Amino acid sequence: MVGEVFATHRLALLRLAVLLVGDEATAEDVVQDAFVGLHRRLSTLESSTKALAYVRASVVNGCRSAIRRRSVARRFGGMYEPPIWSAESSVLLDHDRRRVMAALQRLPRRRREVLILRYYLDLDYAEIADAMGITQVTVRTTLARAISALAQLLGNEE
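Positions within a chain are numbered from 1, following the residues in the order the chain's sequence is written. Under the rules for a predicted model, residues below a pLDDT of 70 receive no local features and side-chain atom pairs below 80 are neither given nor counted, while totals for whole chains, interfaces and linings still include all residues. The side-chain values count all of the structure's non-hydrogen atoms but skip hydrogen atoms and water molecules.

Remarks on the overall build of the protein chain
Then, number 1: Numbering goes from the N terminus for both helices and strands, where a helix is a DSSP run of H or I of at least four residues and a strand is a run of E of at least two. Scanning the protein chain from terminus to terminus reveals 8 helices and 0 strands.
Then, number 2: Starting at the N terminus and walking to the C terminus, you meet the elements of the protein chain as α-α-α-α-α-α-α-α.
Then, number 3: Exposure categories follow from relative accessible area, calculated using a 1.4 Å probe and restricted to protein chains: below 20% of the type maximum is buried, above 50% is exposed, and the middle band is partly exposed. Going through the 158 residues of the protein chain one by one, you find that 35% of them count as buried.
Then, number 4: Per-residue and other accessible areas were derived by the Shrake-Rupley procedure at a 1.4 Å probe size, with only the shown protein chains allowed to occlude residues. Summed over all atoms, the accessible surface of the protein chain reaches about 9800 Å², with 53% contributed by carbon and sulfur.

Some details on the side chain of glutamate 113
Then, number 1: Looking at the secondary structure, you find glutamate 113 in helix H6 (residues 109–120).
Then, number 2: With near-sequence residues (within four places) excluded, glutamate 113 lies in contact with Leu20, Val60, Arg64 and Met132. Throughout, a residue-residue contact means that at least one pair of heavy atoms, one from each residue, lies within 4.5 Å.

A short note on helix H2 (residues 24–41)
Then, number 1: Residue count minus one, scaled by 1.5 Å, sets the expected span of a helix. Taking 1.5 Å of rise per residue, 18 residues should cover 26 Å, and H2 covers 26 Å from first to last C-alpha, within 8% of that figure.
Then, number 2: Here a polar contact is taken to be a pair of N or O atoms separated by no more than 3.5 Å, where protein atoms must pair a possible hydrogen donor with a possible acceptor and residues adjacent in sequence count only if both atoms sit in side chains. Near the N-terminus of H2, the side chain that reaches the backbone nitrogen of alanine 25, with its oxygen 3.5 Å away, is that of aspartate 23.

Quick word on the packing of aromatic side chains
Then, number 1: Stacked, edge-to-face and tilted are the three classes for Phe, Tyr and Trp ring pairs, Trp counted by its six-membered ring, which pair at centre distances within 6.5 Å; planes under 30 degrees apart are stacked, over 60 edge-to-face, the rest tilted. As enumerated under the stated definition, the model contains 1 aromatic pair in all.
Then, number 2: With centroids separated by 5.1 Å and ring planes inclined at 80°, the aromatic side chains of phenylalanine 6 and phenylalanine 35 adopt a geometry described as edge-to-face. One end of the pair, phenylalanine 6, is in helix H1 (residues 2–21); the other, phenylalanine 35, is in helix H2, with 29 residues separating them in the sequence.
Then, number 3: Here phenylalanine 6 falls in the partly exposed class, since its relative accessible area comes to 39%.

In short, shape yes, function no, at least from these values alone.
Okay, structure coming up:
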């Protein structure tokens, strides 16, 4: 079962992690750790249908931990520098997409996570609430505020 979930959802989970942490190497580590955790907890899951929800929540929590570790390292060491995109990648990324990504990074963590889970992974409110450990009402409120804040950030940059 872990193999099926991995084969079907690993790329989407990796993309989610890249959006949350900002670099592919850290994202790969987070996703790998989430699948290791799923394998360990397989016998305690209520049903096989809960595996994707478990691994998705693990990825979100792993990304939060990675960002916290960076914050601590930044306080006691140098600044975190995300990897420089290759020439091919930077040509492919158009101006609008870079503006949106920069604006997303300026949002508070919860708002950024809700936007990514809703519009990038196309999850419904219940799945987002489950992945983040919050209520559906909180998801709706946070999403509305995040959209408003993102629009304001993008509007102010012009």
